[in-house]
Amino acid sequence: MKIIDNISELKKEIAQLQGSIGLVPTMGALHDGHKSLIDKAVSENENVVVSIFVNPIQFGANEDLDKYPRQLELDSKLCENAGVKIVFAPKVSEMYGENKNNLTLICPPYGVVDKLCGKSRPGHFDGVCSVVAKLFNLTKANKAYFGQKDAQQLFIIQKMVRDLNFDIEIVPCPIVREADNLALSSRNQYLTPSDRKDGLSISKALFNAKEMVERGIKQTRVIIDNSLKIMEELDVEYIEFVDKNTFEFQEEIDENTIMLIAARVKESNTRLIDNINL
Ligand code: PAF
């Protein structure tokens, strides 16, 4: 496995690869959720590239860019053991030159970014799409693997690929959870023991909602009231229901509904997101 930190070397290596290329874009601090994307990529491609880049242009001014966990050595070991060919871990200046505030960006349309995570994180999805498009161009990947935990991100990237005719297949991968159902996230490293306990109420609310729907409840209002009770220890940012094909909000649940939650735990103020297919 090669660990590459510059674009010209990456291009040289990519040009020499034989067979299909699978890309797993990450910001590092790899966990079993990332590992499941990497394993799927390795099983479907001759070559797998994992990018590890904490992308500054997708963080807002008051967000956790500086404290975001960075552990390249550990991450590289995980990649090597999983059968990855190339880890691409560039510095910010390598990706964006000296002025990251003067870049050509990809801006997804207002209708998909004015809601859910995009509402509290203005510019976030411009930063995500721009770096992902760059990684698609640099790696010439045939397939790229994204987790369904970031459901809005996945939807927006699929839309970008369609709208801009990128020649790449996006492979959605299921959410990976701890035994107690906490969705895996690199940001779980911030949780204090009491935060971790409180944070569990997010997946509890989602699984509870699924049970309610199975019992015939279709009104989102009823499910929201119940979820708020379950999550009373958290600062809830949103509980929303969207059609998975359009990301339009829904008031009544049907077979296409995804329920999405974002909430902050109180001690570390960590923002957690999770979702479920109802
Ligand atoms: O999901 C993430 O980790 C990031 O948003 C991504 C897709 C690697 C882009 O920086």
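Everything that follows concerns the structure shown earlier in this document.
Before going into details, it helps to say that this report is about the structure given with it. (Residues numbered from 1 in each chain as written. Predicted model: local features only at pLDDT ≥ 70, side-chain atom pairs only at ≥ 80, totals over all residues. Heavy atoms only, no water.)

Focus: helix α3 (residues 72–82)
Link 1 in the chain: Of the residues making up α3, those classed as buried are D75, S76, L78, C79 and A82. Taken around the axis of α3, the buried residues stretch over an arc of 160°, which confines them to a single face. With respect to the buried face of α3, the exposed residues turned more than 90 degrees away are E73, L74, K77 and N81.
Link 2 in the chain: Looking at the buried side of α3, the elements it contacts are β1 (2–4), α2 (32–44), β3 (47–52) and β4 (86–88).
Link 3 in the chain: Directly after α3, the chain includes G83, whose backbone phi takes a positive value near 95°. (Buried < 20%, exposed > 50% of the residue type's maximum accessible area, 1.4 Å probe, protein only. Helix = DSSP H or I, 4+ residues; strand = E, 2+ residues; numbered from the N terminus. Arc of directions from axis to C-beta. Contact = heavy atoms within 4.5 Å.)

Some remarks on the side chain of T26
Link 1 in the chain: Positionally, T26 belongs in strand β2 (residues 21–26).
Link 2 in the chain: Overall, T26 belongs to the buried group, its relative accessible area being 7%.
Link 3 in the chain: Among the polar contacts made by the side chain of T26, one reaches the main-chain carbonyl oxygen of S51 at a distance of 2.8 Å.
Link 4 in the chain: The residues touching T26, leaving out its near neighbours within four places in the chain, are H34, V50, S51, I52 and F53. (Polar contact = N/O pair within 3.5 Å; in protein donor to acceptor, adjacent residues only side chain to side chain.)

Things to note about the environment of E232
Link 1 in the chain: Here E232 is to be found in the loop between α10 (220–230) and β7 (235–243).
Link 2 in the chain: For the pair E232 and D198, spaced 34 residues apart in the sequence, the C-alpha separation amounts to 9.0 Å.

Observations regarding the nonpolar core
Link 1 in the chain: Residues F88, F136 and I170 are the most contacted members of the largest nonpolar core, which totals 47 residues.
Link 2 in the chain: Those residues in contact with F88 that lie beyond four places of it in its chain are I4, D5, N6, I7, L10, V49, V50, S51, I52, M95, L135 and L138.
Link 3 in the chain: Counting residues in hydrophobic clusters, the runner-up holds 22 residues, among them I202, M231, L234 and M259. (Core = buried A, V, L, I, M, F, W, Y, C linked by side-chain atoms within 4.5 Å.)

A word on the pairing of strand β8 (residues 257–264)
Link 1 in the chain: With 7 of its 8 residues buried, β8 lies for the most part within the structure.
Link 2 in the chain: Bridge count for β7 against β8 is 8 bridges, and the pairing is antiparallel. Counted as the bridge partner of V236 is A263 from β8.
Link 3 in the chain: In terms of strand pairing, β8 meets strand β9 (residues 271–277) through 7 bridges, oriented antiparallel. The partner of I261 across the bridge, within β9, is D274. (Pairing = 2+ DSSP bridges.)

Considering the packing of helix α9 (residues 193–214) against α10
Helix-helix packing: each pair is described by the crossing angle between the helix axes and the interaxial distance.
Link 1 in the chain: At a minimum axis distance of 9 Å, the contact between α9 and α10 shows a crossing angle of 150°. Looking at the two axes, α9 sits roughly antiparallel to α10. The hand of the α9/α10 crossing is right-handed. For the pair formed by α9 and α10, the contact residues are S201, K204, A205, N208, A209, M212 and V213 on the first element and V222, I223, N226, S227 and I230 on the second.
Link 2 in the chain: Split by residue class, the contact of α9 with α10 holds 7 nonpolar, 4 polar and 1 charged. (Axes fitted to C-alpha atoms, helices over the stretch in contact; angles between N-to-C directions. Parallel < 35°, antiparallel > 145°, perpendicular 65-115°, else oblique. Left-handed = near helix turned anticlockwise from the far one by under 90°. Nonpolar A, V, L, I, M, F, W, Y, C, P; charged D, E, K, R; others polar.)

With respect to the pattern of salt bridges
Between side chains of opposite charge, a pair can form when the charged atoms approach closely.
Link 1 in the chain: For the coordinates displayed, the defined rule picks out 11 salt bridges.
Link 2 in the chain: Across the pair E44 and K143 runs a salt bridge whose closest N-O atoms are separated by 3.2 Å. Remark: K143 occurs in strand β5 (residues 143–147) and E44 occurs in helix α2; sequence separation between them is 99 residues.
Link 3 in the chain: Given a relative accessible area of 28%, E44 falls into the partly exposed group. (Salt bridge = Lys/Arg side-chain N within 4 Å of Asp/Glu carboxyl O.)

Regarding the site of the ligand
Link 1 in the chain: Around the ligand sit P25, T26, M27, N55, Q58, V128, V131, F146, D150 and Q153, and that is every residue in its neighbourhood.
Link 2 in the chain: Side-chain polar atom of Q58 to an oxygen atom of the ligand: 2.6 Å apart, as the coordinates give it.
Link 3 in the chain: Measuring from an oxygen atom of the ligand, one finds a side-chain N or O atom of Q153 at 2.7 Å.
Link 4 in the chain: Elements with a contribution of two residues or more to the shell around the ligand: β2 and α7 (124–139).
Link 5 in the chain: When grouped by side-chain class, the residues that make up the shell around the ligand number 5 nonpolar, 4 polar and 1 charged. (Near = heavy atom within 4 Å.)

Concerning the sheet that holds β2
Link 1 in the chain: Spatial strand order, β1-β4-β3-β2-β5-β6: 6 strands in an open sheet with parallel pairing. Strand pairing shows two members of the sheet lacking a second neighbour, β1 and β6 (169–173), which therefore form its edges. On average, each strand axis in the sheet is inclined to that of its neighbour by 25°, with strand direction left out of account.
Link 2 in the chain: In this fold α2 packs onto β2, β3, β5 and β6, with an angle of close to 155° to the strand it touches most, β5.
Link 3 in the chain: Each of β5 and β6 touches helix α8 (residues 151–163); the most contacted strand, β6, lies at about 165° to it.

Observations concerning the pairing of β6
Link 1 in the chain: Of the pairings in the sheet, the one linking β5 to β6 comprises 5 bridges and is parallel in character. Looking across to β6, one finds that F146 is bridged to P172.

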